[in-house]
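These are the residues of each chain, in order.
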Amino acid sequence: MDAMTKLQHRIEGWENRVRDVAVTPRLPREGLRERLAAYDFSAPRDLADLVEGVSDLLERGAVHTNHPRYFGLFNTGVRRAGIVADALVALYNPQVGGWWHSPAACEIEQHTLDHLTKKIGFDAASFATFTTGGSEANLTGVLSALAHAFPRYAKEGLVAAAKEPVFYGSDQAHDSFVKTARITGLGEGAFRRVRSDARQRLDVNDLRAAIRRDKAAGKSPFLAVATVGTTSTGAIDPMGEMAALCREEGLWLHADAAWGGIALLSDALKKHVAGLSLADSVTWDAHKTFPVPMGAGMFFCRTHAPSEALFSVHTAYVQDADPGTYDLYQRSVQWSRRLIGLKVFVTLAELGDRGMADLVDHQSRMADALRQRLRAREFHIENDSPLPIVCFSREGALAADIARKVAAEGDAWLSEVRVDPKRPWLRACITHYDTQLEDVERLIKAVERA
Ligand SMILES: *Cc1c(COP(=O)(O)O)cnc(C)c1O
């Protein structure tokens, strides 16, 4: 069999077998390294054999995000549309950095983003781009807020801000903002953590007090981050109140909906994230909300101005943009850039909006079923999110031990979450479009055994 045929068999075989394989790694580290030692690159190898060897390693040496009993971090199950699309990207390898270089690829991405922009509620004057993930999108949000607040920032750097710039997010906001604070030169201390309430939503009174305190102390608050779907519990910050406060105080509002953006895809859920339309910029990860492989974040901004100010450069070796178009290397952190959006385009085109909504609504129903069954077995549901994420506990049970034991057994995977460090909970998110009731029941059994 040649490599292509083997690849096709691997894809089909995986789809048929995935429910029966362990969710967690079955190869100990020594075994993995021993196997890799056989690849010493001294002599050429047959590509078909490599397909087999590498697939075997990847199948036995991973926590499988693409498993219906992975109740995990926000990594989605992948459908065939996403696999086919990524293979096509590899085949044609379009350079998406320049519109003139890959007009078809750039227009495919823009067409897809235009459709999703409408779901957020931004108008046609807004800017959108695919990113490597939510971290890049959040970084771009903070940079955009800086460029907006301090018009000389792009030229002069942070000294253009006469007063020390500070920004805010809740104690539940994603830690990518810590990295962003460091790498922008703002420094970790510039990222102010505001209290969240008993439902893990940012406390707007605390935010108001922090802004006023910082202003009085001679600092320059420029941005507030609303988390729309926190990573720990799926909490949604009060966007309306935050937007009003940001307008009053002259702050940029960035909404981090890396995972919470999933609600925009469902008629039943979208009301919970309607406030996204009030933000100045939005992070929404395609790879956490569509059934597509990783490497697909999205950044949306109310205007083009910040991205132009931050990222346009003049190069000696690249031709000017065609009239009426712009080149993405002039609008984002990335330079050489792969066609990120094709998997989203193909998935949406294959399923249609309705079909995509059905997948999300199915995930919601599975989360409801999980909540209901947990309650019936005397577990306590700890979070209160409309999204398909369930945090739970049981008197006397140690979350970390349970998560570890469940993983060691390998029939399912879930995580531990420490919102209250003294009282860790278990956390199960429905991330796979094909998680069924039987899978939910097997998770509960695995937890009870543990
Ligand atoms: C996952 C996540 C991020 C980071 O996104 P990546 O795609 O992993 O870079 C940012 N914010 C939130 C709320 C997240 O859940």
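Structural data are supplied above this passage.
Residues numbered from 1 in each chain as written. Predicted model: local features only at pLDDT ≥ 70, side-chain atom pairs only at ≥ 80, totals over all residues. Heavy atoms only, no water.

Caption draft 1: Spotlight on the environment of Arg 427. Mapping Arg 427 onto the fold places it in strand β11 (residues 425-429). It is 7.8 Å that separates the C-alpha atoms of Arg 427 and Thr 233, two residues lying 194 residues apart in sequence. Every residue in contact with Arg 427, bar those within four places of it in the chain, is listed here: Phe 71, Gly 72, Leu 73, Phe 74, Thr 231, Ser 232, Ile 389, Val 390, Cys 391, Leu 414, Ser 415 and Val 417. Side-chain polar atoms of Arg 427 contact the backbone oxygen of Thr 231, separated by 2.9 Å. (Helix = DSSP H or I, 4+ residues; strand = E, 2+ residues; numbered from the N terminus. Contact = heavy atoms within 4.5 Å. Polar contact = N/O pair within 3.5 Å; in protein donor to acceptor, adjacent residues only side chain to side chain.)

Caption draft 2: Molecular detail of the site of the ligand. Taken together, 13 residues lie near the ligand, and Gly 134, Asp 256, Asp 285, His 287 and Lys 288 sit nearest. One of the backbone nitrogen or oxygen atoms of Ser 135 is found 2.9 Å away from an oxygen atom of the ligand. Between the ligand and Asp 256, the relevant distance is 2.6 Å, taken from a nitrogen atom to a side-chain nitrogen or oxygen of the residue. Notes on the ligand: free accessible area 380 Å², of which the protein chains cover 85%. Those elements that place two or more of their residues in the shell around the ligand are α6 (134-149) and α11 (286-289). When residues in the shell around the ligand are grouped by element, the largest group, 3 residues, is from α6. Looking at the shell around the ligand residue by residue, the class counts come to 2 nonpolar, 8 polar and 3 charged. (Near = heavy atom within 4 Å. Areas by Shrake-Rupley, 256 points an atom, 1.4 Å probe, with all protein chains shown as cover. Nonpolar A, V, L, I, M, F, W, Y, C, P; charged D, E, K, R; others polar.)

Caption draft 3: View of the sheet that holds strand β10 (residues 415-417). With antiparallel pairing, the 4 strands of this open sheet are ordered in space as β8-β9-β11-β10. Single-partner strands in this sheet number two, and they are β8 (380-381) and β10. In terms of strand pairing, strand β9 (residues 389-393) meets β11 through 4 bridges, oriented antiparallel. Across the sheet, residue Ile 389 finds its bridge partner in β11, namely Cys 429. Taken strand by strand, helix α13 (residues 342-376) contacts β8, β9 and β11, and its axis lies near 15 degrees from that of β9. (Pairing = 2+ DSSP bridges. Axes fitted to C-alpha atoms, helices over the stretch in contact; angles between N-to-C directions.)

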